[in-house]
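# Topology and contacts: notes
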Amino acid sequence: MPDSPMPGSRDVNLQLGGLLLDMAALAGRSQRAWGYKRAAKAVLRLDRHITPLVESNTLCAVPGIGPTTDRIARELVYDGSSSLVERTVEESGKADDIAALRRLRHGFLSNAAVREILSRRIPPSREQYRGDFQMHSVWSDGAETLASMVDACLARGHKCAGITDHSYGLRIARGMSMEEAARQHAEIDRINAGYAGRFRMFKGVEANIRPDGSVDMEPPELKLFEFVVASPHSQLRTSADQTPRMVRAVSQQGVCILGHPQGRRFNTRAGVLADWDAVFEVAARRAVAIEIDGSWDRQDVHYELAARALAAGCIFALDSDAHAHQELEFAHIAIAHARLAAIPQDRIVNYWSEKKFLEWTKGAWER
């Protein structure tokens, strides 16, 4: 079983943020709702646990935190729940709606929890993390050039990166045409020549998983990339079972990584519903890596599902899904989930040598 996010305690920051979002939902489209959302964001991004702030009467000094948030926090810290929030939910007549909303926050970690987990001296290591295998640039829906992303990765001590701009089937994300991909690859070749011995950028693509489980590119096109991430971007709000879709996705030749498998979003959607143990069994057999996407509002898969994937024999990719420099930091969230799931470092592709990584990606066409 995975470890607790914070041994001996709860992720109180996450709980408080959730309670504030409950209040925001009940307040509808009002100024009060905006205030609750602002306070929730402040709490979830806080780099310290709220408990000592409550105990020292300094929580209100945090920008965005007011008296009502302070009261809810005190009830949560001292009583384990908030009578104010629970009474408001009961009086609203929307208890079922709030219960459904709360399920959309399961398995997430607050910033304070991530920092606490990263302070532990356990694997996988932050220092030995070689590179990130899902990130986006101006070639699709990212904000940075390839050269700029390389500089940002080098500043973090990374040795490599896998650029994974979207495939042409995802028009909403400005997916690349194959002609654009060819030009991108030429640019990557120039970058790699200039950084030889210091940094290696791998030519990847994030292909879109169609409703039937196939990806939105043809096999000869996929073979032009050094590795392929297949991710769901549609049918993320349906309650239908999508196990066959996801099994087919990890069964397709050429697919190396199952990207943000659930497609979930914090407080917004549950994403794909599937028999994940069945999906993990096939992924393990084909050596398709299960991604832990560290993007804050994704955290997908979370540590509990990751532990189940590990038990099934899966390997993993810990990625940021960055669309800008600062989002490269999200890889640390993925590392935190991997630590909670007790994933051995040698089962994570981000720690493999270039030789081992490329042997694995080439094998995706043979397995």
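Given the structure is predicted, the values throughout are model-derived calculations rather than measurements. (Residues numbered from 1 in each chain as written. Predicted model: local features only at pLDDT ≥ 70, side-chain atom pairs only at ≥ 80, totals over all residues. Heavy atoms only, no water.)

A separate point is the overall build of the chain. Along the backbone of the chain there are 15 helices and seven strands. Projecting the C-alpha coordinates of the chain onto the three principal axes gives extents of approximately 60 × 45 × 40 Å. When each of the 367 residues of the chain is scored for burial, the buried share is 57%. When contacts within the chain are restricted to residue pairs at least 6 apart in sequence, those whose partners lie at least 24 apart make up 77%. (Helix = DSSP H or I, 4+ residues; strand = E, 2+ residues; numbered from the N terminus. Buried < 20%, exposed > 50% of the residue type's maximum accessible area, 1.4 Å probe, protein only. Contact = heavy atoms within 4.5 Å.)

Below, the discussion takes up the packing of aromatic side chains. In the structure shown here, the tally under the stated rule is 12 aromatic pairs. With 5.7 Å between their ring centres and 80° between their planes, F133 and F227 make a pair best called edge-to-face. Placement of the pair is F133 in the loop between β1 (131–132) and α8 (146–155) and F227 in strand β4 (residues 227–232), with a sequence separation of 94 residues. Here the two residues F133 and F227 agree in accessibility, since each one is buried. Where F133 meets F357, the ring centres are 4.3 Å apart and the plane angle is 10°; that geometry is what we call stacked. Note that F133 is positioned in the loop between β1 and α8 and F357 in helix α15 (residues 354–363), a separation of 224 residues in sequence. (Phe/Tyr/Trp six-rings, centres within 6.5 Å; stacked < 30°, edge-to-face > 60°.)

Moving on, we come to the layout of surface pockets. The gaps of empty space that remain are located by a probe, the size of a water molecule, rolled over the atoms. Taken as a whole, the largest pocket encloses approximately 620 Å³ of empty space. Lining the largest pocket are 22 residues, and of these L44, R45, N111, W296 and F330 sit closest to its centre. Elements with a contribution of two residues or more to the lining of the largest pocket: α2 (31–45), α7 (111–118) and α14 (331–340). The element that contributes the greatest number of residues to the lining of the largest pocket is α2, accounting for five residues. Residues that form the lining of the largest pocket fall into these classes: nine nonpolar, five polar and eight charged. There is about 420 Å³ of room inside the second largest pocket. For the second largest pocket, the lining is made up of 21 residues, of which D11, L14, Q15, R102 and R105 are closest to its centre. Looking at the lining of the second largest pocket residue by residue, the class counts come to eight nonpolar, seven polar and six charged. (1 Å grid on protein atoms, 1.4 Å probe; cavity = no way out; pocket = protein on both sides within 12 Å on 5 of 7 lines; lining within 4 Å. Points joined across faces, edges and corners; volume = space filled by probe spheres on them. Nonpolar A, V, L, I, M, F, W, Y, C, P; charged D, E, K, R; others polar.)

Within the open sheet, the seven strands sit side by side as β1-β2-β3-β4-β5-β6-β7. Their pairing is parallel. Two strands in the sheet have a free side with no partner beyond their single neighbour: β1 and β7 (316–319). Bridge count between β4 and strand β5 (residues 257–258): two bridges; the pairing is parallel. Bridging from a neighbouring strand, V229 pairs with I257 of β5. In this fold helix α11 (residues 243–251) packs onto β3 (200–209), β4 and β5, with an angle of close to 150° to the strand it touches most, β3. (Pairing = 2+ DSSP bridges. Axes fitted to C-alpha atoms, helices over the stretch in contact; angles between N-to-C directions.)

Quick look at the pairing of strand β6 (residues 289–293) now. The element β6 is extensively covered by neighbouring structure, given that five of its five residues are classed as buried. Note that β5 and β6 share two bridges and pair parallel. Opposite L258, over in β6, you have I290 as the bridge partner. Crossover β5 to β6 through helix α12 (residues 276–286) is right-handed. Bridge count for β6 against β7 is four bridges, and the pairing is parallel. Bridge pairing in β7 links D293 to D319. Traced from β6 through helix α13 (residues 303–311) to β7, the parallel crossover comes out right-handed. (Right-handed = clockwise from strand over helix to strand, strands pointing away.)

So, about α2. Helix length check: α2, at 15 residues, gives a terminal C-alpha distance of 21 Å against a target of 21 Å (1.5 Å per residue), a fit within 8%. In this structure, the buried side of α2 is in contact with α1 (12–27), α3 (50–55), α4 (67–79) and α7. (Expected span 1.5 Å × (residues − 1).)

Every buried residue of α8 is accounted for by L146, S148, M149, V150, A152 and C153. Structurally, α8 contributes buried residues whose contacts are with β2 (160–163), α9 (178–194) and β3. Directly after α8, the chain includes G157, whose backbone phi takes a positive value near 85°.

Our focus in this paragraph is the environment of V255. Considering the arrangement of structural elements, one finds V255 in the loop between α11 and β5. In this structure the C-alpha to C-alpha distance between V255 and R286, which are 31 residues apart in sequence, comes to 9.5 Å. In contact with V255, not counting residues within four places along its chain, are V215, V228, A230, A249, R286, V288 and A364.

Glancing now at unusual backbone geometry. A cis amide bond links P123 to the next residue, P124, at an omega of 0°. Its place among the elements puts P124 in the loop between α7 and β1. Positive phi, close to 60°, is recorded for N57, a residue that is not glycine. Along the polypeptide, N57 turns up in the loop between α3 and α4. Although it is not a glycine, A287 adopts a positive phi angle of roughly 55°. Along the chain, the position of A287 falls in the loop between α12 and β6.

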